[in-house]
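Geometric and topological summary
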Amino acid sequence: MSLQPHIRLSESSTGAQYALLPGDPQRVDRIAQFLDNPELLGQNREFRSLRGWYRGVEILVVSTGIGGPSTAIAIEELRQTGIKTLIRIGSCGALQDFLVPGDVVIAQGAVADEGTSKTYAPASYPACADPQLTTLLIQQAKQLQISAFCGLVRSHDSFYTDHEAALDAEWSARGILGADMESAALMVVGSLRGLRTASLLNVVVTHNGSLDSSINDFVQQDALCLQGEAHQISLALHAIYSDSQQGEQ
Ligand SMILES: O=P(O)(O)O[C@H]1O[C@H](CO)[C@@H](O)[C@H]1O
Ligand SMILES: O=c1cc[nH]c(=O)[nH]1
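Residues numbered from 1 in each chain as written. Chains lettered and ligands numbered in written order. Predicted model: local features only at pLDDT ≥ 70, side-chain atom pairs only at ≥ 80, totals over all residues. Heavy atoms only, no water.

Selection criterion: UniProt positions are given in the numbering used here, feature names are shortened, and annotations may be inferred rather than shown by experiment.
Naming follows an unreviewed UniProt entry, where the chain appears as Uridine phosphorylase of Trabulsiella guamensis ATCC 49490. Quoted straight from UniProt, the Sequence similarities (unreviewed entry) entry for the chain says "Belongs to the PNP/UDP phosphorylase family." As its UniProt record puts it under Catalytic activity (unreviewed entry), the chain is described as follows: "uridine + phosphate = alpha-D-ribose 1-phosphate + uracil".

Here it is, written out as C-alpha cells:
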C-alpha cells in the first residue's frame, strides 16, 4: 500500500489500531518516554510520527499540528493505515475558575465553533466522544487518582481576534470547561468515518489568565503543565490497555 501523502505512513508502517494525537510535534517525543521500544517513523510538515508498545499493545503517536484542517487530514490518513481508535493528547485554556494548570479535562463532547467539522456535516451534527472510551478514561482517572474533569469543551479557529474574551465569557457561562482547537473536528470526522475518538486536554491557561504568558510557560516546560501532560498520557495508555483487554476491537 502506498504512503499516505501527508502523514507519510502506510498500512505496512504499523500494525497499531490505537493512535495518540498530540497537537505539538515536540509532545510526540515526550510521549515516547512512556512507551517500550519507541521508534521514530518520520516527520512531514506538522505530522511527526512514532510507534511504540504499552504493555504489549502497539501504539502509534502522530502530531496533528494546530487546528481542524490538519487534524482532519491526519484522521483520514490514519484510518487508511488501519487505526480504529484515536485519543487526542492536547492542551486547553480553562473556561472555569475551579480548573488549575495540570488538571486534565476529559471531553465528552465539543462545541463545534470551528470550520472543519462544518465541511463534513451541517453545524447541527453533534461533536461527541466515544461513550465507552470516555467511561474507561473516567474510571482510569479515578483509579490513578488523577485530577480530571469530564464535560464539554469548545473548539475554535481563532486565537487573537478582538472578541475572544467575550466568547470565552459566553461559553464559560454555559458551563463549558475549556477551549481548544481540534477536539470538535476529531469527534465529528471520527464519528462520520466509523472511528472511536476521545480527547484529553491538559489545562495550561487558567480562566481569565494571560494566554500569552501561560502558553509561554508551557512551551518553557512549566512543572505543573508537564505534570498534567504526564497524567493525560498515563490515563490514555491505561485506558487503551484496558480497552484492548476487553477485546472490543
Ligand atoms: O497543545 P495542542 O495539542 O496543540 O492544543 C492547543 O494548543 C494550540 C494553541 O496553543 C492549539 O492546537 C490548541 O488546541
Ligand atoms: O483559548 C484557548 C486557550 C488555549 N488554547 C486554545 O486552544 N484556546
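**Brief notes about the overall build of the chain**
Condition: Numbered from the N terminus, helices here are DSSP runs of H or I no shorter than four residues, and strands are runs of E no shorter than two. Here the term buried applies to any residue with accessible area under 20% of the maximum for its type, exposed to any over 50%, and partly exposed to those in between, with areas from a 1.4 Å probe on protein chains only. Contacts were defined at the residue level, with two residues in contact if any of their heavy atoms lie within 4.5 Å. Per-residue and other accessible areas were derived by the Shrake-Rupley procedure at a 1.4 Å probe size, with only the shown protein chains allowed to occlude residues. His residues and chain termini do not enter the charge count, which takes Lys and Arg as positive and Asp and Glu as negative. To locate a charge, take NZ of a lysine, CZ of an arginine, CG of an aspartate or CD of a glutamate.
Looking only at helices and strands, the chain features 8 helices and 10 strands. In the chain, which comprises 249 residues, the share counted as buried stands at 54%. By sequence separation, contacts in the chain at least 24 residues apart represent 77% of the contacts at least 6 residues apart. By element, 50% of the accessible surface of the chain is carried by carbon and sulfur atoms, the whole surface being about 10600 Å². Computed over 16 positive and 27 negative side-chain charges, the inter-centroid distance for the chain is 7 Å.

**Structural notes on the site of ligand 1**
Spelled out, the test is: The near set for a molecule or strand comprises every residue that places at least one heavy atom within 4 Å of it. Here a polar contact is taken to be a pair of N or O atoms separated by no more than 3.5 Å, where protein atoms must pair a possible hydrogen donor with a possible acceptor and residues adjacent in sequence count only if both atoms sit in side chains. As defined here, a cavity is a set of points on a 1 Å grid over the protein atoms alone where a 1.4 Å probe fits but cannot get out. A pocket is an open set with protein on both sides within 12 Å along at least five of seven lines, and residues line them when an atom is within 4 Å of a point. Just a note on the criterion: a molecule sits in a pocket or cavity if more than half of its atoms are within 2 Å of the grid points. Only Asp, Glu, Lys and Arg are considered charged in this grouping, and only Ala, Val, Leu, Ile, Met, Phe, Trp, Tyr, Cys and Pro are considered nonpolar; every other residue, Gly among them, is considered polar.
G23, D24, R27, I66, R88, G90, S91, F159, D180, M181, E182 and I215 make up every residue found near ligand 1. In this structure, an oxygen atom belonging to ligand 1 sits 2.6 Å away from a side-chain N or O atom of S91. Separating an oxygen atom of ligand 1 from a side-chain N or O atom of E182 is a distance of 2.5 Å. A majority-of-atoms criterion places ligand 1 in the largest pocket. Examining the composition of the shell around ligand 1, we find that 3 residues originate from one element, strand β5 (residues 85-94), more than from any other. For the shell around ligand 1, the class distribution of residues is 4 nonpolar, 3 polar and 5 charged.

**Description of the side chain of S49**
As for its placement among the helices and strands, S49 is situated in strand β3 (residues 47-54). When neighbours within four sequence positions are excluded, S49 is seen to be in contact with I7, L9, L40, L41, G42, V61 and V62.

**Here we look at the packing of helix α2 (residues 68-80) against helix α6 (residues 183-192)**
So the rule is basically this: What counts as an axis is a line fitted to C-alpha atoms, over the stretch in contact for a helix, and the angles between N-to-C directions run from 0 to 180 degrees. Should the near helix be turned anticlockwise from the far one by less than a right angle, the crossing is termed left-handed; should it be turned clockwise, right-handed.
Where α2 contacts α6, the axes come no closer than 9 Å and their chain directions differ by 35°. In the crossing of α2 with α6, the sense of the turn from one axis to the other is right-handed. Two secondary-structure elements touch here, α2 through G68, T71, A72, I75 and E76 and α6 through A185, L186 and V189. The class makeup of the residues in the contact of α2 with α6 is 5 nonpolar, 2 polar and 1 charged.

**Some thoughts on helix α4 (residues 131-144)**
Rules: Between the first and last residue of a helix there are one fewer steps than residues, each counted as 1.5 Å, and that sum is the expected span. Along the arc lie the directions from the helix axis toward the C-beta atoms.
The first and last C-alpha atoms of α4 sit 20 Å apart over 14 residues, in line with the 20 Å expected at 1.5 Å per residue. Taken together, the buried positions of α4 are occupied by L133, T134, L136, L137, Q140 and A141. Projection of α4 onto a plane perpendicular to its axis shows the buried side chains occupying an angular sector of 160°, all on one side. Within α4, the exposed residues directed more than 90 degrees away from the buried face are P131, K142 and Q143. In this structure D130 caps α4, since a side-chain oxygen of it lies 3.2 Å from the backbone nitrogen of Q132. Downstream of α4 by one or two residues, Q145 has phi in the positive range, about 55°.

**Notes on the UniProt feature "domain: Nucleoside phosphorylase" (unreviewed entry) in the chain**
UniProt annotation of "domain: Nucleoside phosphorylase" (unreviewed entry) refers to residues 18-203 when read in the numbering used here. Counting secondary structure, residues 18-203 comes out at 32% helix and 38% strand; the distance between its end C-alpha atoms is 24 Å.

**Description of the nonpolar core**
Keep this limit in mind: As used here, the term nonpolar core means buried Ala, Val, Leu, Ile, Met, Phe, Trp, Tyr and Cys residues forming a set that is joined through side-chain atoms within 4.5 Å.
Ranked by internal contacts, the top residues of the largest apolar core, which has 29 residues, are L20, L35, I59, V61, I87, I89 and L200. Per element, the largest residue contribution to this core is 7 residues, and it comes from helix α8 (residues 223-245). Those residues within four positions of L35 in sequence are excluded, and the remaining contacts are L50, G52, W53, Y54, I59, V61 and L237.

**Looking at helix α1 (residues 25-32)**
Taken as a whole, α1 has its buried residues at R27, V28, R30, I31 and A32. Capping the start of α1 is the job of one residue whose side-chain oxygen sits 2.9 Å from the backbone nitrogen of Q26: D24.

**What to know about the pattern of salt bridges**
Let me state the cut-off plainly: Each reported salt bridge corresponds to a side-chain nitrogen of Lys or Arg within 4 Å of a carboxyl oxygen of Asp or Glu.
A full pass over the atoms with the stated rule returns 12 salt bridges. Across the pair R27 and E229 runs a salt bridge whose closest N-O atoms are separated by 3.2 Å. Here the residue R27 occupies a position in helix α1, and E229 occupies one in helix α8, the gap between them amounting to 202 residues. Each member of the pair, R27 as well as E229, is classed as buried. The partner of D180 in a salt bridge is R88, with the nearest N and O atoms 2.9 Å apart. Taken together, the residues span a long stretch of sequence, with D180 in strand β9 (residues 178-180) and R88 in strand β5 at a distance of 92 residues. Across the pair, R88 and D180 agree in class, each one buried.

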